[in-house]
Amino acid sequence: MTRIVIATRNKGKVREMQNAFSDLPVELISLADIDGDIPEAVEDGVTFMENSLKKARHYQEMTGMACLADDSGLEVEALGGAPGVYSARYSGENADDTSNNAKLVAELRKRGLDSSPAAFQCALTLVDREGRVLQTQGSCEGIIRLEARGNGGFGYDPYFYVGDRSMAELTLSEKDAISHRGEALGKMAVLLKEHLK
Ligand code: IMP
């Protein structure tokens, strides 16, 4: 059984990944399962893929185990692709979902807009123990509107609409079926299956 450390402490992401790889002979653990202080990876890349590679390489070297890392975010057309790789810290150092969403709404209002086409992006990189690299990407297109709806999901979900429902109004399995992360994970499961043969 191949052990893979996932470069996250987020239990939600771990569950999504365990679900995506449930048919594969792999044991997934997260950074939260590893004893000792591991320095955080520096995420200073200019693309999601670059950041996911930096994270996967860093934690592979730190743990000696194969490592899978994801990097994701929101690109809003009317904002020239922002917040992009800065999605998690869009509103500054102590950003959280509420302050990031407030900034998103304010930036659209400033431009006299009440909506804009947008896309969630997800990049995944797996670095194995020999340093070999597998990478996949997924995206999900939708519309940012100024009205927040729904209590599910996280991050920008209440403002991101696919059809007439926001992402925060979808069930977990509905979101998985269309999401950027769901797409990237599905592709990674196919690559990994081949890689493990
Ligand atoms: P990270 O990949 O965990 O660093 O996430 C980057 C940021 O992008 C998060 O803090 C969220 O604000 C946003 N984001 C990524 N994926 C999603 C999603 O599925 N829904 C809503 N926001 C997301």
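See the structure shown above.
Chains are numbered independently. Their residues run from 1 in the order of the written sequence. Per-residue local features are limited, in this predicted model, to residues with pLDDT of at least 70; the limit for side-chain atom pairs, both in listing and counting, is 80 or more; totals at the level of whole chains, interfaces and linings are taken over all residues. Heavy atoms from the whole structure form the basis of all side-chain values; hydrogens and water molecules are not counted.

## Some remarks on helix α3 (residues 97-110)
- Counted at 1.5 Å a residue, the expected span for α3 with its 14 residues is 20 Å, and the 20 Å between its end C-alpha atoms agrees.
- Remark: exposure states derive from per-residue accessible area (1.4 Å probe, protein chains only) relative to the maximum for the residue type, with buried under 20%, exposed over 50%, and partly exposed in between. Numbering of helices and strands runs from the N terminus, with a helix taken as a DSSP run of H or I at least four residues long and a strand as a DSSP run of E at least two residues long. Inspection of α3 places Asn100, Asn101, Leu104, Val105, Glu107 and Leu108 among the buried residues, and these make up the whole buried set. Buried residues of α3 fall within an arc of 160° about the axis and therefore sit on the same side. What points out from α3, more than 90 degrees from its buried face, is the exposed set Thr98, Arg109 and Lys110.
- Taken from the residues just after α3, Gly112 is the one with a positive phi, measuring 70°. Every helix has an expected span of 1.5 Å times one less than the residues it contains. For this quantity, the arc is that covered by the directions from the helix axis to the C-beta atoms.

## Observations regarding the sheet that holds strand β6 (residues 160-162)
- Spatially, the 7 strands line up as an open sheet ordered β2-β1-β3-β4-β5-β6-β7, and their pairing is mixed. Whereas interior strands pair on both sides, the edge strands pair on one side only; in this sheet they are β2 (26-30) and β7 (165-166).
- Strand pairing follows a simple DSSP-based rule, namely that at least 2 bridges must link the two strands. For strand β4 (residues 115-127) and strand β5 (residues 133-145), the ladder comprises 13 bridges, and the chain directions are antiparallel. Bridged to Ser116 within β5 is Ile144.
- By the convention used here, residues are in contact when the closest approach between their heavy atoms is within 4.5 Å. An axis is simply a line fitted to the C-alpha atoms; with a helix, the fit covers only the stretch in contact. Between two such axes, the angle follows the N-to-C directions and lies from 0 to 180 degrees. Against the sheet, α3 makes contact with β3 (66-76), β4 and β5, and its axis sits at roughly 35° relative to β3, the strand it touches most.

## Re the layout of surface pockets
- Grid spacing is 1 Å over the protein atoms alone, the probe is 1.4 Å, and a cavity is where that probe fits but cannot get out, while a pocket is an open set with protein on both sides within 12 Å along at least five of seven lines and lining residues have an atom within 4 Å of a point. Grid points are joined across faces, edges and corners, and a volume is the space filled by probe spheres set on the points. The calculated volume of the largest pocket comes to roughly 770 Å³.
- Those elements giving two or more residues to the lining of the largest pocket turn out to be α2 (48-63), β3, α3 and α5 (180-195).
- Top contributing element to the lining of the largest pocket by residue count: β3, with 5 residues.
- For the lining of the largest pocket, the class distribution of residues is 11 nonpolar, 8 polar and 13 charged.
- Size it by volume and the second largest pocket reaches roughly 320 Å³.
- Breaking the lining of the second largest pocket down by element, the ones donating at least two residues are α1 (11-20) and α4 (172-178).
- Looking at the lining of the second largest pocket, the element that brings in the most residues is α1, giving 5 residues.
- In this count, Pro and Cys sit with the nonpolar residues alongside Ala, Val, Leu, Ile, Met, Phe, Trp and Tyr, while Asp, Glu, Lys and Arg are called charged and the others, Gly among them, polar. When grouped by side-chain class, the residues that make up the lining of the second largest pocket number 2 nonpolar, 6 polar and 6 charged.

## Considerations on the site of the ligand
- Taken together, 14 residues surround the ligand, and among them Lys13, Ser72, Asp157, Lys175 and Arg181 come closest.
- Here a nitrogen atom of the ligand and a side-chain polar atom of Arg181 are 2.9 Å apart.
- The method behind every accessible area is Shrake-Rupley, applied with a 1.4 Å probe, and residues are considered shielded solely by the protein chains displayed. Considering the ligand on its own, with 480 Å² of exposed area, one finds that the protein chains cover 87% of that surface.
- Pocket or cavity membership: a molecule qualifies when more than half of its atoms sit within 2 Å of the grid points of that site. More than half of the atoms of the ligand fall within 2 Å of the grid points belonging to the largest pocket.
- Tallying contributions element by element places β3 first for the shell around the ligand, with 3 residues.
- A breakdown of the residues in the shell around the ligand according to their chemical character gives 4 nonpolar, 5 polar and 5 charged. We call a residue near a molecule or strand whenever a single non-hydrogen atom of that residue lies within 4 Å of it. Two N or O atoms form a polar contact when they lie within 3.5 Å of each other; inside protein one atom must be a possible hydrogen donor and the other a possible acceptor, and for residues adjacent in sequence the pair counts only when both atoms belong to side chains.

## Describing the pattern of salt bridges
- Here a salt bridge means any side-chain nitrogen of Lys or Arg lying within 4 Å of a carboxyl oxygen belonging to Asp or Glu. This model, assessed by the stated rule, comprises 16 salt bridges.
- Its salt-bridge partner being Lys55, residue Asp71 comes within 3.3 Å of it at the nearest N-O pair. You can see Asp71 sitting in strand β3 and its partner Lys55 sitting in helix α2, a full 16 residues away along the chain. Pair check on accessibility: Asp71 and Lys55 agree, each one buried.
- A cluster of three or more residues bridged by salt bridges with shared partners is formed by Lys13, Glu16, Asp70 and Arg181.

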